[in-house]
Amino acid sequence: MSDDNDHADEATREAAQLVDLIKPLFAFRDPEVVGAVLGQLLAKLIAGHCPEMREEAMNLVIDMARDLVPIEIDEQIEAGAVPPEWRGTKQ
């Protein structure tokens, strides 16, 4: 069990590092452009799974994004990028 937790922690750290590298590329871009890029990357991720796993992979990524939206909203509020009344809103 510890190995699974260690792997998950390392994957989370690595993902956070990659996000920090990518963020500047998306800064000040129209949401439509960012969405198109993320859509293409998601399609690449899903296509890399065997056909039987694609739906589950898609659902896992969408569920993860839903879980992260409130955290991202809080970070954006703290950075002054969005108004405080966005806190607690649904995605």
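The paragraphs below set out a description of the structure included in this document.

Cut-offs applied
- Residues numbered from 1 in each chain as written.
- Predicted model: local features only at pLDDT ≥ 70, side-chain atom pairs only at ≥ 80, totals over all residues.
- Heavy atoms only, no water.
- Helix = DSSP H or I, 4+ residues; strand = E, 2+ residues; numbered from the N terminus.
- Buried < 20%, exposed > 50% of the residue type's maximum accessible area, 1.4 Å probe, protein only.
- Salt bridge = Lys/Arg side-chain N within 4 Å of Asp/Glu carboxyl O.

### Considerations on unusual backbone geometry
Alright, step 1. Positive phi is not limited to glycine here, since Phe 28 has a value of about 65°.
Alright, step 2. Positionally, Phe 28 belongs in the loop between α1 (2-26) and α2 (31-47).
Alright, step 3. Taking the relative accessible area as the measure of exposure, Phe 28 reaches 88% and is therefore exposed.

### So, the pattern of salt bridges
Alright, step 1. Here the structure, examined in full by the defined rule, presents four salt bridges.
Alright, step 2. Among the salt bridges present, the one from Glu 10 reaches Arg 13, with a minimum N-O distance of 3.2 Å. Of this pair, Glu 10 and Arg 13 both sit in helix α1, three residues apart, which is roughly one turn of that helix.
Alright, step 3. Among the residues examined, Arg 13 registers a relative accessible area of 48% and is labelled partly exposed.
Alright, step 4. In the salt-bridge network here, residues are joined through shared partners; they are Asp 74, Glu 78 and Arg 87.

### Examining the environment of Pro 70
Alright, step 1. Relative to the elements of secondary structure, Pro 70 occurs in helix α3 (residues 54-78).
Alright, step 2. A sequence separation of 17 residues divides Pro 70 from Arg 87, and the C-alpha atoms of the two residues are 7.4 Å apart.

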